[in-house]
Structure formats: structure tokens, C-alpha cells
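# Tertiary structure, described
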Amino acid sequence: GSSRDEGGYEHTYNFRLSVTELCIEMGEFEAASELIDRLLEEDNRISRVWYFAALCSFKLDDVESAEQYLERTISFFKKNPSEEPELQGACKELHSAIQN
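Quick summary incoming for the structure in this document.

## Considerations on helix H4 (residues 63-79)
In a regular helix each residue adds 1.5 Å, so 17 residues correspond to 24 Å; H4 covers 25 Å between its end C-alpha atoms and thus fits that length. For H4, every residue scored as buried is listed here: Ser65, Ala66, Leu70, Thr73, Phe76 and Phe77. End-on, the buried residues of H4 take up no more than an arc of 130°, which puts them together on one face. In H4, the exposed positions that point more than 90 degrees away from the buried face belong to Glu64, Glu71, Lys78 and Lys79.

## Some words on the pattern of salt bridges
For the coordinates displayed, the defined rule picks out 4 salt bridges. In this structure, Asp43 and Arg45 form a salt bridge, with 2.9 Å as the shortest nitrogen-oxygen distance. Note on Asp43: relative accessible area 10%, which makes it buried. The closest approach of N and O atoms between Glu84 and Arg48, which form a salt bridge, is 2.5 Å. One end of the pair, Glu84, is in the loop between H4 and helix H5 (85-99); the other, Arg48, is in helix H3 (residues 47-59), with 36 residues separating them in the sequence. Using a relative accessible area of 28% as the deciding quantity, one classes Glu84 as partly exposed. Here the salt bridges share partners, and the residues they tie into one network are Glu21, Arg48 and Glu84.

## Thoughts on H3
Taking 1.5 Å per residue as the helical rise, H3 with its 13 residues ought to reach 18 Å, and the 18 Å between its terminal C-alpha atoms agrees with that figure. Of all 13 residues that make up H3, 10 are buried, and the element is covered over most of its length. Those residues of H3 that sit buried are Ser47, Val49, Trp50, Tyr51, Phe52, Ala53, Ala54, Leu55, Cys56 and Ser57.

## Some points on the packing of aromatic side chains
With the rule as written, the count across this model stands at 2 aromatic pairs. Seen in terms of ring centroids, Trp50 and Tyr69 are 5.8 Å apart; in terms of plane orientation they differ by 45°. Their pairing is tilted. Taken together, the residues span a long stretch of sequence, with Trp50 in helix H3 and Tyr69 in helix H4 at a distance of 19 residues. What makes Trp50 buried here is its relative accessible area of 8%. Residue class for Tyr69 comes out partly exposed when judged on its relative accessible area of 23%. For the ring pair Tyr51 and Phe52, a centre distance of 6.0 Å and an interplane angle of 50° mean the geometry is tilted. Exposure remark for Tyr51: the relative accessible area of 10% places this residue in the buried category.

The rules behind these values
- Residues numbered from 1 in each chain as written.
- Predicted model: local features only at pLDDT ≥ 70, side-chain atom pairs only at ≥ 80, totals over all residues.
- Heavy atoms only, no water.
- Helix = DSSP H or I, 4+ residues; strand = E, 2+ residues; numbered from the N terminus.
- Expected span 1.5 Å × (residues − 1).
- Buried < 20%, exposed > 50% of the residue type's maximum accessible area, 1.4 Å probe, protein only.
- Arc of directions from axis to C-beta.
- Salt bridge = Lys/Arg side-chain N within 4 Å of Asp/Glu carboxyl O.
- Phe/Tyr/Trp six-rings, centres within 6.5 Å; stacked < 30°, edge-to-face > 60°.

Written out as C-alpha cells, the structure reads:
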């Protein structure tokens with residue numbers, strides 16, 4: 001084992017979140033989905049992860065899951081309206097894309 005464990009969880013979580021974002025940017029939605037599943041298992045209170053889940057599902061033509069994930073994301077913002085304004089805008093865009 002290593003002695004770097006203090007705060008290691010946070011670091012690895014955020015690191016993997018960044019990797020997830022890179023996968024999405026590169027169009028590797030299946031790889032991103034696998035990472036997202038694990039991130040959600042570890043901590044399901046992070047709106048950005050739910051948004052990524054919605055986006056990947058949508059890109060993989062799983063519209064039903066995309067809607068469910070997006071609902072979760074939007075419910076976070078109802079509780080914390082000032083959180084992540086950019087992400088809220090992205091959610092609105094994705095929501096209208098799903099509706100079409």
C-alpha cells in the first residue's frame with residue numbers, strides 16, 4: 001500500500017471525472033459510461049456525473065436512460081439553483097435535444 005491515501009479518494013474521483021470528460025470529448029461514450037457507473041457507485045451526489053451519464057446515454061441512443069439521468073441532474077439544481085450555471089445550460093440543451 002502507499003502512504004498517499006489521505007485525500008486519495010478525492011483525488012482519484014476527480015481525476016477519473018476528468019478522464020470521463022475527455023472520453024466524452026473524444027466520442028468514446030462506451031468507455032465514459034463504464035467510468036460513470038463506477039463514479040456513481042462511489043458518490044451519487046455529484047450533478048456533473050449525472051449529466052455525463054445522461055449525455056452518454058443519449059449519444060448511445062438510449063433516450064429513456066438519458067431522460068432519467070437528466071431528471072436526476074435537474075433535481076440537483078432545484079435544490080441548489082446557483083450551482084454550476086454552465087452545466088445547467090448544458091442540461092437545458094440536452095433536454096431539448098432529447099425532446100426532438
